[in-house]
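Okay, here's what each chain looks like letter by letter:
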Amino acid sequence: MDKYEKRILIYTGILLVIFLAAVMRAVSRGISDLPACIPYDPSYLEPRVTALDENTYQVFVVAQMWSFQPSEIFIPVGAEVDFYLTTKDVVHGFHIADKNVNMMAVYGGINKTTVKFDKPGVYPIICHEYCGSGHQHMKAEVIVNYPNK
Amino acid sequence: MKWNISKGLRAVIILELALPLTLLALGIYHGLLQTLYRSGMISMREFAALEYYQGLTLHGVINAIVLTTFFAVAFGHACITYYLKRKTSTPLAWLSFAFMLVGTLLAAWAMLSGKAAVLYTFYPPLKAHPLFYLGVALLVVGSWVAYFSWIPVFLAWRRENKGIKMPLAVLGTMVNFTVWFVCSIPVAYEVLGLLLPWSLGWTPDVNIPLARTLFWFFGHALVYFWLLPAYIMFYTMLPKLAGGKLYSDNAGRFVFFLFLILSIPVGVHHQFGEPSISRGIKMVQTVLTFGIALPSFVTAFTIAASLEYAGVKRGAKSLFGWLGKLPYFDRDRYLFAYLITGLIIFIFGGLTGIVNASYSLNAVVHNTAWMPGHFHMTVGGPVFLAILGMSLYLLTNVTGRVLSPSMKNIAVIVPHLWMIGLLIFSTGLMWGGLLGEPRRTNLGISYLDPNSPLFRPDWVPTTAMALFGGVIMFSAAGLYFIVLLKLLFTKRTEEPGLEFPEYAVLHDEPRIGLLDNFRPWLVLMFLVIALAYIPAFRDIKKYTGDKAPPYDPNNPTPLELYQKTD
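Procedures and definitions
- Residues numbered from 1 in each chain as written.
- Chains lettered and ligands numbered in written order.
- Predicted model: local features only at pLDDT ≥ 70, side-chain atom pairs only at ≥ 80, totals over all residues.
- Buried ≥ 20, exposed ≤ 12 C-beta atoms within 10 Å, placed from the backbone.
- Helix = DSSP H or I, 4+ residues; strand = E, 2+ residues; numbered from the N terminus.
- Pairing = 2+ DSSP bridges.
- Contact = placed C-beta atoms within 7 Å.
- Core = buried A, V, L, I, M, F, W, Y, C linked by C-beta atoms within 7 Å.

Participant: Honestly, the pairing of strand S11 (residues 139–144) of chain A in this entry has me stumped. Any pointers?
Facilitator: The side chains of a regular strand alternate, residue by residue, between the two faces of the sheet. Residues and elements named next belong to chain A. The alternating pattern of S11 places Ala140, Val142 and Val144 on a buried face, while none of Lys139, Glu141 and Ile143, on the opposite face, is buried. With 4 bridges joining them, strand S5 (residues 72–75) and S11 adopt parallel strand pairing. Residue pairing in the sheet places Ile75 in a bridge with Val144 of S11. Here strand S10 (residues 121–126) pairs with S11 via 6 bridges, running antiparallel. Following the sheet pairing, Ile125 is matched in S11 by Ala140.

Participant: Any chance you could explain the interface of chain A and chain B here in plain terms?
Facilitator: It is common to give the size of an interface as the accessible area lost on bringing the parts into contact. Contacts between chain A and chain B engage 47 residues on the former and 59 residues on the latter. Contributions of two or more residues to the side of chain A that touches chain B are made by helix H1 (3–28), strand S1 (36–38), strand S7 (92–96), strand S8 (101–105) and strand S9 (110–117) of chain A. Here the side of chain A that touches chain B takes 9 residues from H1 of chain A, the largest share from any one element.

Participant: Honestly, the environment of Thr462 of chain B in this entry has me stumped. Any pointers?
Facilitator: Residue and element names in this part refer to chain B. Mapped onto the elements, Thr462 comes out in helix H16 (residues 460–488). The spatial distance from the C-alpha of Thr462 to the C-alpha of Asn362 is 20 Å, given a sequence separation of 100 residues. With residues up to four places along the chain from it excluded, the contact list for Thr462 reads Gly428, Trp431, Gly432, Leu435 and Glu437.

Participant: Sorry, what's going on with the nonpolar core here?
Facilitator: Nonpolar side chains tend toward joint burial in soluble globular proteins. In terms of nonpolar packing, the biggest core is built from 230 residues, with Val179 and Leu339 of chain B touching the most fellow members. Counting residues per element, this core draws most heavily on helix H2 (residues 52–84) of chain B, which supplies 22 residues. Apart from residues no more than four positions distant in its own chain, Val179 of chain B is found in contact with Ala221, Tyr224, Phe225, Phe259, Leu260, Ser263 and Ile264 of chain B. Val23 and Leu34 of chain A together with Phe272 and Leu361 of chain B belong to the second-largest nonpolar core, a separate cluster that totals 5 residues.

Dropping the structure here:
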């Protein structure tokens, strides 16, 4: 090993440590994290929206070929929402691109993530995992501060 | 010096290159069609009797499994016999080919008859025809037979050459197939033990998180199985083709052994968004995935340093002058063009790979069009171009046919054109991915159909860009097939045999025992795999509830129920 090779190994090591530190920082500051997995319970297969208080919501999403239930989720501005996700049949994706919510719905497993909706608007939820011939039409919406609700 | 390989092995190599290259025509055809569907140019479920997801399955299985496996075996045969200067077993080579051929034909039948539109990841509980699973399993088992036939040859060479470094290409080939063998045991269990009896109706249901984790135990090591033949060419052939020497041979040995340890225990980074595996395991495998970036950085340095040496020898003066002195368009060294363009693409493929591996950053890109954008710059870049270039090189060698100068001119243009097309195509896909465009989706009948309520005008420029790049890539592939067809109708003018570019080292360091011995690395490999995967399987047992019955991709009712009502 010559001095250039030693140098490149050190630089590479430093670079990877910086990347890793950035990932750890995002996690420890609560900026972003992966979904939590929680023990299975059949009650997660009932689609519903529950308001714990005026700014805290729980949304239990059930994916199925080829729709999400509930398909329209009404939330006030500033609400913090816990999404619980599972599927009745094949594997589906659950992607809210504007909020970096990105989960897989897998049979027999329950996924959970928390996200805060600060701005009013319509946030499309797209199924981004192939789930059969109707896959391209499978979507839902989070509607934040819809005037009539 | 030309190595005179046996007539039988020559025939095996020719068939193992020609067969998947023929199927590739279909795979590439549906590559182009996907860019047409996705951009809304085709707004239909199927075009010319090929349904979108059926074509997508063909595209993935043919390009990423059939072509790559056949090529790795053919190139492995060539490397083992050429660099060890020994005969390998011809009957076993034929047996291996027969398994792979039958497997490919079974899977191709299932896909073409529309009974296996489950994509190449065959995620249950979507169910394919049993022969699809059996075909894929036979293809993999066939490649094992080739590996088993090399082991005694390799061990005999080692016994008779104590204290001599094993040839780098042989080390790379043995590392590659060892990883391949180990990683394909769980997926063989998934396919033969779980999915096949389930698709035959013998077992009612399957544990889905378990099946997926078994798949990804294999699925990421698979990408290194694609990549390592290209790495062997980068280390042992590229420096000589550029007119120089390999900067360091021990660096290459170190890199291959790192791949042996780290190729497998990183698969969970494909499952960051999934339930049933806890965050701690995902973080551990993030760190391990960062670890496997190290051998690629070492390779980037070593190959760049080797090319710099070549450029300086060819008269380069300034700091970056060597970049301009390389034989990019030298038709008599067309293999150089295939390898260097692949490396240029891989700079971007590697860096985007680090993004994907980065734990929660993955949530920005997972399952969006970013992903195909990324992996077309790895498997569709360095891997695919190395396969195309080396196939042409091997075919001319073992058939004793010579390409005419005009054909060589076309052959040298192909990789450059492919690179331009690919970089445009991947930029379109990745840009779209960041805007939320999903992968594996027939966008033409929903999000890219102006008459649909789902229409997304913001995805028009991105999918159009991918289409533009795709058309260029398709033309490059067309030119390649012209050269291949011309070769078919050329007469033999030379003695058939095998000769690889001669391999010389700039810093020829003494043998380091640790870098010439499989045992310690194999022990480490199994330790790291156990560390990374035992907790993952324990989590799956703990968190997973019900198992799933099979589903037909065209019907939301479980298969059992609607078959009964028929």
